[in-house]
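Chain and residue survey
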Protein chains: 2
Amino acid sequence: MKLSTKGRYGLTAMLDLALNYGEEPVALKNVAERQGISEPYLEQLIAGLRKAGLVKSVRGAQGGYILAYPPDKITVGDVMRVLEGPLAPVDCVIENEPVSCEKADHCVTRIIWEKIRDSINQVVDSITLQDMVDEYNRINGQKGYMYYI
Amino acid sequence: MKLSTKGRYGLTAMLDLALNYGEEPVALKNVAERQGISEPYLEQLIAGLRKAGLVKSVRGAQGGYILAYPPDKITVGDVMRVLEGPLAPVDCVIENEPVSCEKADHCVTRIIWEKIRDSINQVVDSITLQDMVDEYNRINGQKGYMYYI
DNA sequence: AATAAAGCCTAGTTAATAGCTTGGAATTCT
DNA sequence: AGAATTCCAAGCTATTAACTAGGCTTTATT
């Protein structure tokens, strides 16, 4: 019941982009350095986010990435679902997917999994990157350097 | 972000015991057959539950397992934590465990993980095996045979 | 007392997956 | 032209999940 590094690194990277929203594109090299993540690995993660339309890339020298939308239009759930897949504790309660298990209608444990799924989704869908930026500013105030992660 | 078969099979097995609470001990062989789980594998799972004090065993012929407490005294969370470990999406928010990450005080993503952790725990700690038994009876009513899982 | 039915215990095994690394091509600013 | 970047595909390695195998111990039944 753990998240993978994809979800963790990816959300951190998106927060990094959110903190730099409105400025020049951010090179992945810089994100990787600030956050202590392997750059080529992060490259793979952000490729998924780009294909999902959450970030835009600018190629070539002085290029980098920017959020495709303002931080208040992107939720943690948007990011996590791209990186982790459907946020369901078991396959039989993945949203918008037909249930293959023939016992589903009589299954009591399935009801538990649905409740867990819903509670997770309620959390991640109610928090935007802007909320995280605000929290970042509240916690780290006028400090001279950036604590990200 | 998926549960393992330990959590899934284990909760199903505990529901099986709860449905038989107050009667003779239930042999693992029967649980395994009803639920379609490999018996020796289930044996390992229930060993953990026994060591955690959630079930009692009766050895020898006609032996088996019984819940150590009435079904309304055992929560889904009790069971899941034994089988899956702490229900935290990342290690840095495991309850009652010192945080090793030195950035924790300045970490914004960590707040997200805490909220996810809390929402999961709120769900599983508020549902008892008795709740599941009641739901089972509501769904399956007077049917002739048992749909478990 | 013998037998069979159960739980108990430890150690394999196997396939999949996570978490990267490697290498190079394409693009664009300076 | 050259450097800085994104883009793409493949390969690698250690860990883990999900079992299986085999044998010992306990106890009700006959």
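Naming follows an unreviewed UniProt entry, where chain A appears as Transcriptional regulator, BadM/Rrf2 family of Mahella australiensis.

Residues and elements named next belong to chain A. Enumeration according to the criterion identifies 2 aromatic pairs over all chains in this entry. Ring plane angle 85 degrees and centroid distance 6.0 Å describe the contact between Y9 and Y41, whose orientation is recorded as edge-to-face. Here Y9 is found in helix α1 (residues 5–19), whereas its partner Y41 is found in helix α3 (residues 39–51), with 32 residues between them in sequence. Residue classification places Y9 among the partly exposed residues on the basis of a relative accessible area of 24%.

A few words now on the pairing of strand β2 (residues 64–67) of chain B. Residue and element names in this part refer to chain B. Here 4 bridges tie strand β1 (residues 55–58) to β2, and the two strands are oriented antiparallel to one another. Across the sheet, the residue bridging to S57 is Y65, located in β2. Between the antiparallel neighbours β1 and β2 lie 5 residues, among them G60 with a positive phi of about 85 degrees.

Mapping chain B onto chain A leaves a residual RMSD of 0.0 Å; the transformation is a rotation of 180 degrees accompanied by 0.0 Å of translation along its axis. Read as a symmetry element, the transformation amounts to a two-fold axis. Looking at the rotation axis and the C-alpha trace of chain B, the residue lying nearest is M1(B), at 2.5 Å. An overlap of 100% is found between the interface residues of chain B and their copies at the interface of chain A, pointing to a shared contact surface.

Parameters and conventions
- Residues numbered from 1 in each chain as written.
- Chains lettered and ligands numbered in written order.
- Predicted model: local features only at pLDDT ≥ 70, side-chain atom pairs only at ≥ 80, totals over all residues.
- Heavy atoms only, no water.
- Phe/Tyr/Trp six-rings, centres within 6.5 Å; stacked < 30°, edge-to-face > 60°.
- Helix = DSSP H or I, 4+ residues; strand = E, 2+ residues; numbered from the N terminus.
- Buried < 20%, exposed > 50% of the residue type's maximum accessible area, 1.4 Å probe, protein only.
- Pairing = 2+ DSSP bridges.
- Least-squares fit on C-alpha atoms with pLDDT ≥ 70 in both.
- Contact = heavy atoms within 4.5 Å.

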